[in-house]
Amino acid sequence: MSRLPVATVTPAGHAPVAPFVGLATLWVQITGTWCNLECRHCINASGPKSPWLKPLDAVTIRRAIREAEAAGVKEIYFTGGEPFLHGEILPLLELALATAPTTVLTNGTLIGPQTADALAALAARAPYSLELRVSLDDTEREKNDRIRGEGAWAKAVAAVRLLRERGLLPIVTATEITRDEHPAGSGMYERFRDFLRGQGVERPRVKIMPVFGIGRQPAGATAPLTEDDLEGFDRAVLQCADARVVAADGVYACPILAGLEGARLSTGSLAESFRPVPLYHPACVTCRDTGMTCRNS
Amino acid sequence: MPRHGDDVSEQLSEYRRIAVFGGVYNNAHALAALLADARGRDVDAVFCLGDMGGFGPHPDRVFPLLREHGVLAIQGNYDESVGSGRTDCGCGYTDPRDNHYAAISYRYTFEHTSAENRAWLGALPRHRRLKLGPHRALMCHGSPRVVNEFLWESATPNGLLRHLMARAEADVMLCTHTGMKWHRALPDARHAVNVGVIGRPENDGRANVWYTVLTSAPDLQVEFVPLAYDHETLAREMDREGLPPEFAETIRTGWWTTCLENLPARERARGKY
């Protein structure tokens, strides 16, 4: 079993905290860390063998969605691992979409014509928007597959085309992991946008994420946040102030840290996790420094 | 429940029929057309839900119209930024292309808004409460809790609306900020209305803009009013002021060319870009 590499952390009890301001975003770690790919930079070291964080059962997911609705949730995200490995992804997605706009974070490699048809049908009858975030780390096949594995580029690009042909507008999500391999000053966003246009995507949507020093690519000696680091900083803008993640063994503060003991806020109900969050992990530094969010925008 | 403490504290006024609009975006031509149109619709008062500046030309032409016609306004994120001398519009984009255009737009508006008008914007209330017949209405810019929260039709669940309105102790919530109008009657007879904007068209390939008339009859009636105005003159003024041609293209064609990042899939799919 491949556990996450352990970074230097502040004991949760001594870390500065972010407030809980209300539940805006529910994350569902639907497949835990079970994935058909094994990307070099994966934030939770997902892979095909013995996932260290187990997939969620449908009963837990349904209960979490009901609880989140009662709490006034604004959006739901399905992540993993690879969500399309879950046998009940489509009915669960339908339930989520009846509740709130819902996004699936996927590597795209399992989306063939049949799944794309089912997603288009779901999107058409849902009251709220269905969003699909397809991960692609580089517009060049070789650079991408070096990170994500042989064949990942072709399958993800094919999925983007299949979705586009059905009127769905996937958001291509890239980390900055190969940014330095391109000429300085060339815009990453522009490169992805132009690439997508070249694939026939008239309304390109691109989200760029920083690389987190966690999971399969742990950081060096990044110090966790201290109270001094947060002087004058509005902690309510951190995503852990209004997001919660339901995973197989509890409720967590953020999708980056789901499954880690120090980030677990509840082993029971979602409501029990509605309390301040310890900013104990070096990954919290990235959120403060970049203002990043795992949400779509 | 407003997240910020400066809710309007005026005595709760009662109305039967009101006109409400948002997002002027420096479009004094549309504002003048709206004020003339609303006069013919027997409204008791006219309300603006904020964002006077951005996008269009000649910001200072908007304020005399608002004041002379007694428009009751609240503060949008743009007004908050301009009024407090901030360096950005507070729209919260992350897409570098959107931010590029937003920066041009904000700098132009800031530099062309007089000190007197900036102070006026800075003094606007963040919310208004009023009675619309028996209905308790709350007016906000983005959402009751955050001034720049986007409440799109396809991305605003009923559970969230119930939550926001319960906390705000309101039966009717009126907002703007997204630039696209919508109305939803909830099963418990509460209403959420995004009143749209008059500053730019609705990304539907038409040049007109929209405002909203609400009537207590005593059931709530919501009417979206299409508003034609001299958009070609506006576009020419934008060209003369050196604003990005993409902005004038939106005014002329009705298709959004910038600030597209935050659109949910369903709203984005309706547009050209």
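The numbers attached to residues start from 1 for each chain and follow its sequence in the written order. Think of it this way: whatever chain is written first is A, whatever ligand is written first is 1, and the rest follow in order. Where totals are concerned, whole chains, interfaces and linings use all residues; where local detail is concerned, this predicted model gives features only for residues with pLDDT of at least 70, and gives and counts side-chain atom pairs only at 80 or more.

When helices and strands are tallied, chain A shows seven helices and 11 strands. The quantity called the radius of gyration is restricted to C-alpha atoms. Its globule counterpart is 2.2 Å times the number of residues to the power 0.38. Since a compact globule built from 297 residues should have a radius of gyration of about 19 Å, the 18 Å found for chain A is in line with a globular shape. Every C-beta atom is placed from the backbone, and the number of other C-beta atoms within 10 Å of a residue's own sets its class: buried at 20 or more, exposed at 12 or fewer, partly exposed in between. Counting only residues that meet the buried cut, chain A has 49% of its 297 residues in that class. Counting from the N terminus, the helices are DSSP H or I runs at least four residues long and the strands are E runs at least two residues long.

Let's shift gears to the interface of chain B and chain A. Residues are scored as being in contact if the C-beta atoms we place from backbone atoms lie within 7 Å. Each side of the interface is counted separately: chain B has 19 residues, and chain A has 19 residues. Mapped onto the side of chain B that touches chain A, the elements with two or more residues apiece are α4 (96-111), α6 (158-168) and α9 (265-270) of chain B. Split by residue class, the side of chain B that touches chain A holds nine nonpolar, five polar and five charged. Polarity classes work like this: nonpolar for Ala, Val, Leu, Ile, Met, Phe, Trp, Tyr, Cys and Pro, charged for Asp, Glu, Lys and Arg, and polar for all others, with Gly in that last group.

Residue and element names in this part refer to chain A. Read across the sheet, nine strands follow the order β7-β6-β5-β4-β3-β2-β8-β9-β10 without closing on themselves; strand pairing throughout is mixed. A strand with exactly one partner marks an edge of an open sheet, and here the two such strands are β7 (206-209) and β10 (264-266). Strand-to-strand twist in this sheet, taken as the mean axis angle between neighbours without regard to direction, amounts to 25 degrees. In terms of strand pairing, strand β8 (residues 243-247) meets strand β9 (residues 250-252) through three bridges, oriented antiparallel. Each residue of the ladder has a partner; that of Val246, found in β9, is Val251. Axes, fitted as lines to C-alpha atoms, cover a helix only where it is in contact. Angles between the N-to-C directions of the axes lie from 0 to 180 degrees. Helix α2 (residues 89-99) rests against β3 (75-79), β4 (102-106) and β5 (130-135) of the sheet, and its axis sits at about 140 degrees to β4. Across the face of the sheet, helix α6 (residues 188-198) comes into contact with β6 (171-175) and β7 while running at roughly 145 degrees to β7. When DSSP finds two or more bridges between a pair of strands, those strands are recorded as paired.

We now examine the confidence of the model for chain B. All names here are of chain B. Counting all residues, the mean pLDDT for chain B is 94, and 95% of those residues have values of 70 or more. Low pLDDT, under 50, characterises residues 1-5; the stretch is placed with 10 contacts to residues that sit more than four places away or in other chains. Interface confidence in the predicted complex, given as ipTM, is 0.92; pTM for the same model is 0.94. Values of pLDDT, which run from 0 to 100, indicate the predictor's confidence residue by residue.

Right, let's talk about helix α8 (residues 245-253) of chain B for a bit. All names here are of chain B. When we look at burial in α8, the residues that qualify are Phe247, Ala248, Thr250 and Ile251. Looking straight down α8, one finds its buried side chains confined to an arc of 150 degrees; they lie on one side. Buried residues along α8 sit in contact with α7 (231-240). By construction, the arc corresponds to the directions joining the helix axis to the C-beta atoms.

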